[in-house]
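Spelled out, the chains give:
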Amino acid sequence: GWFAALPPSAPLQQVRDEVPNLAAALQDAERDGADAEAAALAAAAQPILAGAISLPAPALSALQRCIERLPAPMDRALGLAGLARTLLSSGQAAQAAPLAEAALALLPLVPPATDGTPAAGLARAQLLTRVAHVRWRLRRDPAVPGWLDEALALARAAGAAALAASI
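Below or above, wherever it landed, is the structure these notes cover. (Residues numbered from 1 in each chain as written. Predicted model: local features only at pLDDT ≥ 70, side-chain atom pairs only at ≥ 80, totals over all residues. Heavy atoms only, no water.)

**What to know about the overall build of the protein**
For clarity, the cut-off: Runs of H or I in DSSP of at least four residues are treated as helices and runs of E of at least two as strands, each being numbered from the N terminus. Radius of gyration: over C-alpha atoms. The globule rule applied is 2.2 Å multiplied by the number of residues raised to the 0.38 power. Type-normalised accessible area, obtained with a 1.4 Å probe on protein chains alone, sets the label of each residue: buried when under 20%, exposed when over 50%, and partly exposed for intermediate values. What sets the accessible areas is the Shrake-Rupley method with a 1.4 Å probe; for residues, cover comes only from the shown protein chains. The charge count includes Lys and Arg as positive and Asp and Glu as negative, but it does not include His or the ends of the chains. Charged side chains are reduced to one point each, which is NZ for Lys, CZ for Arg, CG for Asp and CD for Glu.
Along the protein, the regular secondary structure elements total eight helices and zero strands. The globule rule puts the C-alpha radius of gyration for 167 residues at 15 Å, and the 15 Å found for the protein is close to it. Along the first, second and third principal axes, the C-alpha atoms of the protein reach 40 × 30 × 30 Å. When burial is assessed residue by residue, the protein has 43% of its 167 residues classed as buried. With an accessible surface of roughly 8300 Å², the protein has 58% of that area assigned to carbon and sulfur atoms. Charged side chains of the protein number 13 positive and 14 negative; the gap between the two group centres comes to 8 Å.

**What to know about the nonpolar core**
As a reminder of what qualifies: Within this scheme, the nonpolar core is defined by two criteria: the residues are buried Ala, Val, Leu, Ile, Met, Phe, Trp, Tyr or Cys, and they are joined through side-chain atoms within 4.5 Å.
Grouped together as the largest cluster of nonpolar side chains are 56 residues, with contacts concentrated most on Leu-22, Leu-55, Leu-63, Leu-83, Leu-127, Val-131 and Trp-147. Of all the elements in the fold, those that place two or more residues in this core are helix H1 (12–32), helix H2 (35–49), helix H3 (57–68), helix H4 (73–89), helix H5 (93–106), helix H6 (118–139), helix H7 (144–157) and helix H8 (161–166). Considering each element in turn, this core owes the most residues, nine residues, to H4.

**Points about unusual backbone geometry**
With phi around 50°, Arg-140 is a residue other than glycine that occupies positive phi space. Following the sequence through the fold, Arg-140 ends up in the loop between H6 and H7.

**As for the side chain of Asp-35**
With respect to the helices and strands, the residue Asp-35 is situated in helix H2. On the basis of relative accessible area, Asp-35 is assigned to the buried category, the value being 12%.

**A word on the pattern of salt bridges**
Stated precisely, the cut-off is as follows: Whenever Lys or Arg places a side-chain nitrogen within 4 Å of a carboxyl oxygen from Asp or Glu, that contact is recorded as a salt bridge.
Here the structure, examined in full by the defined rule, presents seven salt bridges. In this structure, the salt-bridge partner of Asp-28 is Arg-31, at a minimum N-O distance of 2.2 Å. With Asp-28 and Arg-31 both in helix H1 and three residues apart, this pair spans about one turn of that helix. Its relative accessible area of 35% is what places Asp-28 among the partly exposed residues. For Arg-31, a relative accessible area of 60% translates into the label exposed. In this structure, Glu-150 and Arg-124 form a salt bridge, with 2.6 Å as the shortest nitrogen-oxygen distance. Highlighted residues: Glu-150 in helix H7 and Arg-124 in helix H6, separated in sequence by 26 residues.

**Notes on the packing of H1 against H2**
In a pair of packed helices, the angle between the axes and the distance between the axes together describe the arrangement. Test applied: To obtain an axis, a line is fitted to C-alpha atoms, over the contacting stretch when the element is a helix, and the angle between two such axes runs from 0 to 180 degrees between their N-to-C directions. Note on angle classes: values under 35 degrees are labelled roughly parallel, values over 145 roughly antiparallel, values of 65 to 115 roughly perpendicular, and the remainder oblique. By definition, turning the near helix anticlockwise from the far helix through less than a right angle yields a left-handed crossing, and turning it clockwise yields a right-handed one. Note on contacts: a residue pair qualifies if any of its non-hydrogen atoms lie within 4.5 Å across the two residues. Under the scheme applied, nonpolar residues are Ala, Val, Leu, Ile, Met, Phe, Trp, Tyr, Cys and Pro; charged residues are Asp, Glu, Lys and Arg; polar residues are all the others, including Gly.
At a minimum axis distance of 9 Å, the contact between H1 and H2 shows a crossing angle of 160°. Classified by the interaxial angle, the pair formed by H1 and H2 is roughly antiparallel. The hand of the H1/H2 crossing is left-handed. Where H1 abuts H2, its residues Val-15, Leu-22, Ala-25, Leu-26 and Ala-29 lie against Asp-35, Ala-38, Leu-41, Ala-45, Ile-48 and Leu-49. Across the contact of H1 with H2, the residue classes tally to 10 nonpolar, no polar and one charged.

Have a look at this one:
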């Protein structure tokens with residue numbers, strides 16, 4: 001709720017003050033077996049974590065273990081792609097690359113947004129966007145423009161203006 005209440009451009013000091021709490025919450029979630037809660041918290045923090053704020057390595061490792069235990073392929077893929085983007089943003093490209101690959105490997109297990117629900121399309125758009133970000137930054141992958149075209153169409157269909165603008 002705290003992350004959701006932040007304005008689009010929150011003061012960095014305000015966010016930095018909460019980093020120890022976020023790190024502790026992720027590590028506690030792992031200890032408590034609250035994998036889905038850890039993933040949800042990381043998803044809420046994703047706009048912040050993909051920018052100027054970094055979490056300590058133990059918190060990121062705890063988050064990765066939680067994500068890898070999620071039962072739904074889409075949840076695992078989104079979590080891994082988000083974590084890859086976070087690691088890349090914090091200068092840890094060597095750790096980001098395999099997570100992006102793992103997320104991409106899950107993509108065939110994720111149903112395409114053919115059921116007509118905007119939520120399914122939005123999740124796929126988020127996944128494609130996160131993987132595209134990492135793969136483009138790491139090696140200018142020629143598949144990225146196609147992924148972004150698909151993600152943009154899905155984001156627009158879901159009415160996700162912020163995601164469409166970022167794409």
